[in-house]
Structure formats: C-alpha cells, structure tokens
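This is what each chain is made of:
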Amino acid sequence: RLTFVASIEDQPRLWLRPLDQTTSQPLAGTDGATRPFWSPDSRSIGFFAEGKLNRIDIAGGLPQVLASAPFGEGGAWNRDGVIVFAPSQFSPLYRVPAAGGEPVAITRLDPPRQVMHVFPQFLPDGRHFLFFAQGSSEFKGIYLGSLDGGEPKRLTAADSAGGYLGPDWVVFQRQMALIARRLDVARGELTGDPVTVANPVLMGSYHGAFSVSTIGRVAYRAAGSAERRQLTWFDRTGKNVGVAGEPDVNDLRAPELSPDGRHIAVDRAVQDNSDVWLMYLARGGFTRLTFDAKADFIPLWSPDGTRIAFGAMQKGSCDIWIKPASGTGTEELLLETPKV
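Residues numbered from 1 in each chain as written. Predicted model: local features only at pLDDT ≥ 70, side-chain atom pairs only at ≥ 80, totals over all residues. Heavy atoms only, no water.

Caption draft 1: A look at the nonpolar core. If you look at the biggest cluster of nonpolar residues, it comprises 22 residues, and the most contacted ones within it are Leu93, Val118, Phe122, Phe129, Phe131, Leu147 and Met313. Counting residues per element, the ones that place at least two in this core are strand S9 (82-85), strand S12 (114-122) and strand S13 (128-135). Among the elements that line this core, the one with the most residues is S12, at five residues. Beyond its immediate chain neighbours, meaning those up to four positions away, Phe131 contacts Leu93, Thr107, His117, Val118, Phe119, Pro120, Gly141, Ile142, Tyr143, Gly145 and Pro152. Core analysis: the second largest hydrophobic core is formed by 13 residues, Leu123, Leu130, Phe172 and Leu190 among them. (Core = buried A, V, L, I, M, F, W, Y, C linked by side-chain atoms within 4.5 Å. Buried < 20%, exposed > 50% of the residue type's maximum accessible area, 1.4 Å probe, protein only. Helix = DSSP H or I, 4+ residues; strand = E, 2+ residues; numbered from the N terminus. Contact = heavy atoms within 4.5 Å.)

Caption draft 2: Spatial organisation of the side chain of His263. Tracing the backbone shows His263 in strand S25 (residues 263-270). Of the residues examined, His263 reaches a relative accessible area of 15% and is grouped as buried. Sequence-distant contacts of His263, defined by excluding residues within four places in its chain, comprise Glu256, Leu257, Ser258, Met279, Tyr280, Leu281 and Trp301.

Caption draft 3: Seen up close, the sheet that holds strand S15 (residues 153-156). Pairing is antiparallel across the open sheet formed by four strands, whose spatial order is S12-S13-S14-S15. The open sheet terminates on both sides in strands that have one partner only, identified here as S12 and S15. Strand after strand, the sheet turns through a mean of 35 degrees between neighbouring axes, direction not considered. Looking at chain direction, S13 and strand S14 (residues 141-146) are connected through six bridges and run antiparallel. (Pairing = 2+ DSSP bridges. Axes fitted to C-alpha atoms, helices over the stretch in contact; angles between N-to-C directions.)

Caption draft 4: Structural detail: the environment of Pro87. Within the secondary structure, Pro87 is located in the loop between S9 and strand S10 (94-97). Among the residues examined, Pro87 registers a relative accessible area of 9% and is labelled buried. The sequence separation of Pro87 and Ala293 amounts to 206 residues, and the corresponding C-alpha distance is 26 Å. The residues touching Pro87, leaving out its near neighbours within four places in the chain, are Ser68, Ala69, Pro70, Phe71, Gly72, Pro92 and Tyr94.

Caption draft 5: Structural view of the pairing of S12. Burial analysis of S12 places eight of its nine residues in the buried class, the great majority of the element. Here six bridges tie S12 to S13, and the two strands are oriented antiparallel to one another. Note that in S13 the partner of Met116 across the bridge is Gln134. The loop that links S12 with its antiparallel partner S13 comprises five residues; one of these, Gly126, has a positive phi angle of about 75 degrees.

Caption draft 6: The arrangement of the pattern of salt bridges in detail. All chains considered together, the criterion is met by twelve salt bridges. Here Asp148 and Arg127 are joined by a salt bridge, their closest N and O atoms 2.8 Å apart. Within this pair, whereas Asp148 is found in the loop between S14 and S15, its partner Arg127 is found in the loop between S12 and S13, the two being separated by 21 residues in sequence. Here Asp148 falls in the exposed class, since its relative accessible area comes to 57%. Residues joined in a network through salt bridges with shared partners are Asp184, Arg187 and Glu189. (Salt bridge = Lys/Arg side-chain N within 4 Å of Asp/Glu carboxyl O.)

Caption draft 7: How the structure looks around unusual backbone geometry. For the bond running from Gly166 to Pro167, omega is 10 degrees, close enough to zero to count as cis. Note that the residue after Asn199, namely Pro200, is joined by a cis bond; omega there is 5 degrees. Locating Pro200 in the fold gives a position in the loop between strand S19 (189-198) and strand S20 (210-212). A positive phi angle, close to 50 degrees, is found at Ala254, a residue other than glycine.

Caption draft 8: Spatial organisation of the packing of aromatic side chains. Going through the model one piece at a time under the given rule, you end up with five aromatic pairs. Ring centres of Phe37 and Phe48 lie 6.4 Å apart, and the angle between their planes is 50 degrees; this geometry places the pair in the tilted category. Of this pair, Phe37 sits in strand S4 (residues 34-38) while Phe48 sits in strand S5 (residues 44-49); the two residues are eleven residues apart in sequence, bridging distant segments of the chain. Under the relative-accessibility criterion, Phe37 is labelled buried at 8%. Considering the side-chain rings of Phe129 and Phe131, the 6.0 Å spacing of their centres and the 40 degrees angle between planes classify their relative orientation as tilted. Residue Phe129 is classed as buried on the basis of its relative accessible area of 1%. A connected cluster of aromatic rings, assembled from ring pairs, spans Phe122, Phe129, Phe131 and Tyr143. Positioned over the ring face of Trp277 is Arg268, at 4.5 Å from the centre of the ring. The ring of Phe286 is capped by Arg268, whose NZ or CZ atom sits 4.0 Å from the centre of that ring. (Phe/Tyr/Trp six-rings, centres within 6.5 Å; stacked < 30°, edge-to-face > 60°. Lys NZ or Arg CZ within 6 Å of the ring centre and 35° of its normal.)

This is how it looks when you write it as structure tokens:
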C-alpha cells in the first residue's frame, strides 16, 4: 500500500491506495494529517496533526495521541515498538514507545553547526537510523545515528533527507536525481560509486518526493510541470481573475503583497539557498533582497511599505531581521531567539 496526504475542501487527511489498484480511499480520523510513516507490520500509520504525534490502525478505530509535536518533521517506527520523531523543525530527535509514554531526546543540536534534526528512518537492525541535519555547510547532510547512544556520524553532504534501500543502500537526491550509494554500517560511511535510481524527482523542503519500502520498492513523484509555481489572483468570491508573473521553478513560497499593491515579497530557493526576493507587478521579474548564505524566509511588509521583516538562520537560530525594502542599507536584528 501507499499512504499519502491529500486535501478535499482545504482539509488534508491521509489516504490509502493498494499498489495493485487504481483508486484511493481516505482514512477516517486523520483530518489535518502530515508526514505519515508506517509501522513495521504495515497495520498502523504514525502521523502528525494538531500539534501531536498520533498513530492509527488502518483496520479502523480512532487515532491515539502519543506525544506533543508542534510542527512534526518526520518519524520512524521499529520492530521493538520504538518511534523516533522530530517534534519540530528546530529540535533534536526524540524516542517514544509506540504504545505511548514519555518522549526522550536521543540527539543533540549544536548551533550554529547543526540547527535541526529531521526525517529519521530506521535501518533493518532497528537500532541504527538515518536522519537529516541542517546547519553550516560542513555539517549539513545525512547522518547515521543509533538508539544505543554515541555521536551520530555524517555519511554525506546533502540538501535533503535520505532513505534506506535494502540490502545496503542509502538513497538521496542530488539536484533532481535520486542517487544510491552502498552503506557500511560498521564503519559508518558510504562506499562505492553512486548509482542513479530515478531522474528527475521532485524536491521538497528538506525531503525529496520519494519513499522506500523494506522490500526495495521505491515510490517517487516525477518532476515536471509540478515543480513550477505561479502566483494567481483571486477575487473575494474565490474566482480566478489572473496571474502574477511567470511560472517559477525556484520553490516560490510565502507571497506577501506590499501595502501599495505594487510589489510582492516572496522567498525563493535559488541554487539550494532560500532568500527573500521582490516581484515588481508592473514589469515582472524578481530582484533579490537578502544575500545571506543561510536561509532567509517568510517576508512581511511594514505598514508603510518601507521595510521588510523576515525569518533567518544567520546566527544558527530562527531569528527575525528587518531590511529596507529598497535593498539599500544594512539588515537589523529585531528578535533573537535564545535557543532553536
């Protein structure tokens, strides 16, 4: 089976599709679901919804809340009944019994070198797991961790999470290609030449649009027109009344219209780095506003339209900065968070 998130009338929920059939069915009780992951016996699914980590049996019944997870960023479930999960984007990984219990942190962040641990996946031994770490360039990538403790080991630089493809492969994305390399668990390193599994594959935020089963099947979303995004105007009745600018392939997100209605601030990931850009509605095209090597995102105009506030990872934590909308002048730190 394949499980995925899809929305009807703006309400996301989990859906199930047997791979030998062409129809999918919604899973009752999963409204608001994100980031699903399977139990090892394929009878249950873990997922995040309403700030919680949940599990549900696909045969029926209500979901069970397992732990708090304000912005869940992936989970994994082993045969010993242990779930490893990321409760938020800027947190370490935690473990919790699949039957419920007290979550315990099993990784440690080290800002600014590492500011997030997300999207874990167990290896067949049920003790080792892969995860993705975001941070400075020399520490960002896919890591191998263990429930037995010890310092996780970086396997490779990467821009998104990896997956385990039995019997001994790790798959991850480079550009739009899904690549596999052999994993030596004992030495904690990848070996051999890379092999292309699929190309092109859609890239998401810190996770490619692919999934790997324990029997070696790979499901993925092929890249094509789907990765192009275009801003669209709607009137207050919901009627489509036109488009703004051209289709964009750079993961355009978080549009914010200026108070005078002449510009739109967005964040775009150009060459794998997120920055704030301005779109000029009268003439089209984008102008880059921020230039930091770390991620800048989610812009917000000041009421007079002269300044733009945005989130940024410049100091290793998620802080708020302000910069003149003209692009001239320096950026100013507005709010520094004490921890990630």
